[in-house]
Amino acid sequence: MHDALPVKAVFARRLRLPPPPCDLYGQEEDDAVHVLFKCDVARNYWFSSHLAIRADALPGQVMPVLNLLLQQLGKEKFMVFANLLWSFWKARCKQIYEGVRISGKQVLGMAVSLDSLAKAASNPRCITKGEFNFAAAEIDRKGRVCIVDGSFKEDGMTGWAHMFYEEGDLVGFEVRWGKAASPFHAEALAFQAAVRRVQEEGWSDATFYTDSHLLARILNGLLSPESIEWRTYGLVIDLIANWKGSSGFRCFATSRENLLTVHRLANLARVKNLNAQGSTFPLFPFVT
């Protein structure tokens, strides 16, 4: 990275025009330091990060800023800073060129995910050890049970479904369709809908089954949500907060073979654009 100004700022200076405004909020000159550190959005972002950087105290040029932070943070934390900087720049470009506004919370989540991926890449053994080995459980329909699945295709179209049982008897189900960013995002959407529905039924205790080992690890406290992709980070954080509000909830990972019926319902919701809920299967006589 260098101290070069954006192209429009260079032309403004050569033609002796007033400095261009910030692309985000029209405040002050849109130079490199302002874009990355000094505008209101950037200052809030840096102070909200776990590095708690006060951008107001930074120098007015990029290289002095980087040198100062390298001295203050040290090599390890400077790598964290680099991921924060890259995530902020990507989010800013999405807003300016694609009109997609990403919240500061989501940007911070993306930076943390990049950091986790970098650490995993530098130590491949961590992917196959310890908490990453999570055995699939057989479904036990004693008590209150909810089984969940999401269906995702590359075009982003998604269906999700859940079925809940009481002492082995089916007492309700729900199917929904929408958009998701990834298979994991689809599973998280399905799980969020299932938790909400079970709580609406007044259940304070229930056992949930999903074929997402990653989601099961997170909800069981075996894996930090910071390890997931930034697009799903906010959804999972909200799901965890809701999950922790019901101490009687449990979650197990299971194999796809144990979820064939709910998986068919999720596929049906995706293909047919279905939003429905009920308590008996005659509503879907073509599902076997």
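Analysis parameters
- Residues numbered from 1 in each chain as written.
- Predicted model: local features only at pLDDT ≥ 70, side-chain atom pairs only at ≥ 80, totals over all residues.
- Heavy atoms only, no water.
- Phe/Tyr/Trp six-rings, centres within 6.5 Å; stacked < 30°, edge-to-face > 60°.
- Helix = DSSP H or I, 4+ residues; strand = E, 2+ residues; numbered from the N terminus.
- Buried < 20%, exposed > 50% of the residue type's maximum accessible area, 1.4 Å probe, protein only.
- Expected span 1.5 Å × (residues − 1).
- Contact = heavy atoms within 4.5 Å.

The name given to the protein in an unreviewed UniProt entry is RNase H type-1 domain-containing protein, with the source organism recorded as Rhynchospora pubera.

Caption draft 1: Highlighting the packing of aromatic side chains. Taken as a whole and judged by the stated rule, the model has ten aromatic pairs. Residues Phe-37 and Phe-81 carry aromatic rings whose centres are separated by 6.4 Å and whose planes lie at 10° to one another, so their mutual orientation is stacked. With Phe-37 in helix α2 (residues 32-38) and Phe-81 in helix α4 (residues 62-98), the pair connects residues that are 44 residues apart, well separated along the chain. What makes Phe-37 buried here is its relative accessible area of 1%. Residue classification places Phe-81 among the buried residues on the basis of a relative accessible area of 1%. An aromatic cluster of three or more residues is present, and its members are Phe-37, Tyr-45, Trp-46, Phe-78, Phe-81 and Phe-88.

Caption draft 2: Structural detail: helix α6 (residues 183-200). When the terminal C-alpha atoms of α6 are compared, their 26 Å separation across 18 residues agrees well with the 26 Å that a helix rising 1.5 Å per residue should span. Burial analysis of α6 places 14 of its 18 residues in the buried class, the great majority of the element. Where α6 terminates, the next one or two residues include Gly-202, which has phi positive at roughly 85°.

Caption draft 3: Quick peek at the environment of Ile-147. The residue Ile-147 is located in strand β1 (residues 144-152) in this model. Residues Ile-147 and His-162, 15 residues apart in the sequence, show an inter-C-alpha distance of 5.5 Å. Residue contacts for Ile-147: discarding those within four places in its chain leaves Ile-139, Arg-141, Ala-161, His-162, Met-163, Tyr-165, Tyr-209, Leu-259 and Val-262.

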